[in-house]
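Working through the structure, step by step
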Amino acid sequence: MKLYRHVLLVAGLIAIGASTLVAGAAETDRPNVLVFLVDDMGLMDTSVPFLYDQDGEPQRHPHNEFYRTPNMQRLATQGIRYSNFYAMSVCSPSRIAIMTGQTSARHHTTQWIRPESNNQGEFGPADWKWTGIAQGQTTLPKLLSGAGYRTIHCGKGHFGPNDSLAENPAAIGFDVNIGGSAIGQPGSYYASENFGNGKPKRDRRGVPGLQSYHGSDLYLTEVLTTEVNREIEQAVANQQPFFAYMAHYAVHAPFQPDPRFVDNYSGADPKLAAFGSMVQGMDKSLGDILDKLDQLGVAENTLVFFVGDNGTDAPRGDQYAISCAAPLRGKKGTHYEGGMRVPFIAAWAKPSDRSALQSRFPIAQGVMRHEFAAIYDLFPTILSAVGIASDHPVDGINLLPELAGREIESGERQFLMHFPHDHRSSYFTVLRQGDWKLVYHYYPEKNRSPAKTLTPRYELFNLAEDRDESNNLAMDEPEKLQAMVVSMREALQATGALMPMSSDGKTKLEVLDASQ
């Protein structure tokens, strides 16, 4: 199934959901929505197992033993989690995918946004959307706000650079902005350091708007949790449905230990101990928000989506360049699974057999799904749940039937991730189709393994049989390779992808025919 065909499918599903809700539901019958987004948290950065054994049962690995995330376990027990959930390999493309329902190839913000200057790369497309979300662009918070939702942004924005429209999340549809700006990481997690405000050479990396906490002994994750809970409480007091986008700066660098939890990781390398404490602090935030929803009496009416924005960046040292997300390969910024597979859990904040909303939108409890889904599926899923119809073109699909335990008759699903820039892996496109994954390298010489060997132009993996991507089948499966190349070219054309440039800057590169 070609990627662009999802647009018609989603439009139909959203329209069906809208007509059903409008027919007989009062405004108070619409669900509240919490998107809990964690920065740089990969699939293995949790004590909750997301991978499975040969019998399809959750399987723990050594990395799972390191972390303490009881509230993620709490949410997973009362909901559903995916073992194959994809995001873009760096942050801004994923965040804009949530806002637009589009893959990076379509929305054209294909690189993380450096706040101060354009970071397109040596051969990157000059017209990539470094300025991020533009005036008039359809976004999830705009649609929700227009439908009467209180839209709350808390934490990291990174939707546009300094002095752009999208620097301020309020400009893209949020009614409330807490701590969001162009920055991709905080100057400091410590209120005692004013969250990085005023640091030499980093004065524009400070987290804005939290001056009342400056000079205290609080940690940024805790402060943001307090603030988002305050805004949720206000929305409930006003009897207004809310969309809360809790986008933590954690667990992104700088790796500064959360003093509440760092002693739990004594004996580990200091940076890794700090990272572990940051993960646990994030988990505490999740629990605190769930508890607040329960205290306010709205937990049964609140949908929760927990997700990471790209693969792990856990500071495990250079020797873990391949196995940072073991048994997955790679990490943030790479074309391997460790760079794009992220934790995803969907649940009601408090399951209830008596809830009319939950009977309309049931979510299976304690279940792991092995099909793959993607971060741009959140957009159509949320719109369908709240009953908003939109003709905005999307690449995602409505996951609500799957979350209830049913199958979606949508043909063979695809995931497309396009990265025509420099980074840990440079100038590549990834297409997953069924169990197969194709990686195309426009400049193979720009991608070197830790052994300093050249990356081939094509990498073809059967992920069902080769989870750690150690067996490149491009030479052994020429027919499958050619079919995947054709699918990749069609998907890139359908999304209007911006291509990298030739070394002389005169022509746009294309995916070469594998049969030649």
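A brief structural summary. Please read these numbers as outputs of a predicted model, since none were measured by experiment. (Residues numbered from 1 in each chain as written. Predicted model: local features only at pLDDT ≥ 70, side-chain atom pairs only at ≥ 80, totals over all residues. Heavy atoms only, no water.)

Here the focus is the sheet that holds strand β1 (residues 32–38). The sheet built from eight strands is open, its strands ordered β4-β3-β5-β1-β6-β7-β2-β8 with mixed pairing. Each edge of the open sheet is held by one strand with a lone partner, namely β4 (176–178) and β8 (367–374). Put simply, the sheet's adjacent strands are angled 15 degrees from each other on average, direction ignored. Here strand β2 (residues 79–86) runs beside strand β7 (residues 344–348); their pairing, made up of three bridges, is antiparallel. What sits directly across from Ile80, in β7, is Ala346. Along the sheet face, helix α7 (residues 220–237) touches β3 (150–155), β4 and β5 (242–247) and points at about 175 degrees away from the line of β3. (Pairing = 2+ DSSP bridges. Helix = DSSP H or I, 4+ residues; strand = E, 2+ residues; numbered from the N terminus. Axes fitted to C-alpha atoms, helices over the stretch in contact; angles between N-to-C directions. Contact = heavy atoms within 4.5 Å.)

The interhelical angle for the contact between α7 and helix α8 (residues 270–295), taken along N-to-C directions, is 20 degrees, at an axis separation of 10 Å. When the axes of α7 and α8 are compared, the pair comes out roughly parallel. The element α7 and its partner α8 pack so that their crossing is right-handed. Here Thr221, Thr225, Val228, Asn229, Ile232 and Glu233 of α7 come into contact with α8, specifically with Gly281, Met282, Ser285, Asp288, Ile289, Lys292 and Leu293. Split by residue class, the contact of α7 with α8 holds five nonpolar, five polar and three charged. (Parallel < 35°, antiparallel > 145°, perpendicular 65-115°, else oblique. Left-handed = near helix turned anticlockwise from the far one by under 90°. Nonpolar A, V, L, I, M, F, W, Y, C, P; charged D, E, K, R; others polar.)

So, on to the pairing of strand β12 (residues 458–462). Most of β12 is tucked away, with five of its five residues classed as buried. Alternating residues of β12 divide into Tyr458, Leu460 and Asn462 and Glu459 and Phe461, and every residue in both groups is buried. Across five bridges, strand β11 (residues 436–441) lies against β12 in antiparallel orientation. When the sheet's bridge partners are listed, Trp436 is paired in β12 with Asn462. (Buried < 20%, exposed > 50% of the residue type's maximum accessible area, 1.4 Å probe, protein only.)

Oppositely charged side chains can pair when the atoms bearing their charge come close. Evaluated as defined, the whole model comprises 24 salt bridges. The salt bridge involving Lys156 is made with Asp39; its shortest N-O contact spans 2.6 Å. Taken together, the residues Lys156 in the loop between β3 and β4 and Asp39 in the loop between β1 and α2 (62–66) connect sequence positions 117 residues apart. Taking the relative accessible area as the measure of exposure, Asp39 reaches 0% and is therefore buried. Linking Asp395 and Arg106 is a salt bridge whose minimum nitrogen-to-oxygen distance equals 2.7 Å. Of the two residues, Asp395 sits in the loop between α11 (378–386) and α12 (400–403) while Arg106 sits in helix α5 (residues 104–107), which places them 289 residues apart along the sequence. Look at Asp395 and you get buried, because its relative accessible area is 1%. Taken together, the shared-partner salt bridges in this structure form one network comprising Asp39, Arg95, Lys156 and Asp309. (Salt bridge = Lys/Arg side-chain N within 4 Å of Asp/Glu carboxyl O.)

Attention now moves to the state of the cysteines. Applying the stated rule across the entire model yields zero disulfides. Its sulfur unpaired, Cys91 is 16 Å from the next cysteine sulfur, which belongs to Cys324. Looking at Cys154, it has no disulfide partner, and the nearest cysteine sulfur is the one in Cys91, 17 Å off. (Disulfide = S-S within 2.5 Å.)

Here the focus is the side chain of Asp377. Along the polypeptide, Asp377 turns up in the loop between β8 and α11. If we ignore the near neighbours within four places in the chain, the residues touching Asp377 are Gly396, Ile397 and Leu399.

Moving on, we get to helix α3 (residues 70–77). Considered for burial, the residues of α3 that qualify are Asn71, Met72, Leu75 and Ala76. Mapping the buried residues of α3 onto a view down its axis gives an arc of 145 degrees, with all of them on the same face. Looking at the packing, one finds that the buried side of α3 touches β2, α8, β6 (302–308) and β7. (Arc of directions from axis to C-beta.)

On to helix α4 (residues 91–100). Counting buried residues along α4, ten of its ten residues qualify, which places the element largely inside the surrounding structure. Among the residues of α4, Cys91, Ser92, Pro93, Ser94, Arg95, Ile96, Ala97, Ile98, Met99 and Thr100 are the ones counted as buried. Among the structural elements, β1, α5, α6 (140–146), β5 and α11 are those in contact with the buried residues of α4. Once α4 ends, the next one or two residues include Gly101, with phi positive near 75 degrees.

Core analysis: the biggest nonpolar cluster contains 63 residues, and Phe243, Tyr245 and Phe305 have the highest contact counts within it. Ignoring sequence-local partners within four residues, the contact set of Phe243 consists of Val33, Val35, Leu140, Pro141, Leu144, Tyr149, Arg150, Thr151, Ile152, Phe174 and Ile382. In this structure, Leu210, Phe242, Val279 and Phe306 belong to the second largest nonpolar core, which totals 58 residues. (Core = buried A, V, L, I, M, F, W, Y, C linked by side-chain atoms within 4.5 Å.)

Now for the pairing of strand β10 (residues 428–433). Within β10, six of the six residues are buried, which leaves it mostly tucked inside the rest of the structure. By the alternation rule, side chains of β10 split into Phe428, Val430 and Arg432 and Thr429, Leu431 and Gln433, which are all buried. Across six bridges, the pairing between strand β9 (residues 414–419) and β10 is antiparallel. Looking at β10, one finds that Gln414 is bridged to Gln433. As judged from the six bridges shared by β10 and β11, these two strands associate in the antiparallel manner. Along β11, the bridge assignment pairs Leu431 with Leu438. Linking β10 back to β11 in an antiparallel pair, the connection comprises two residues, with Gly434 at a positive phi of about 65 degrees.

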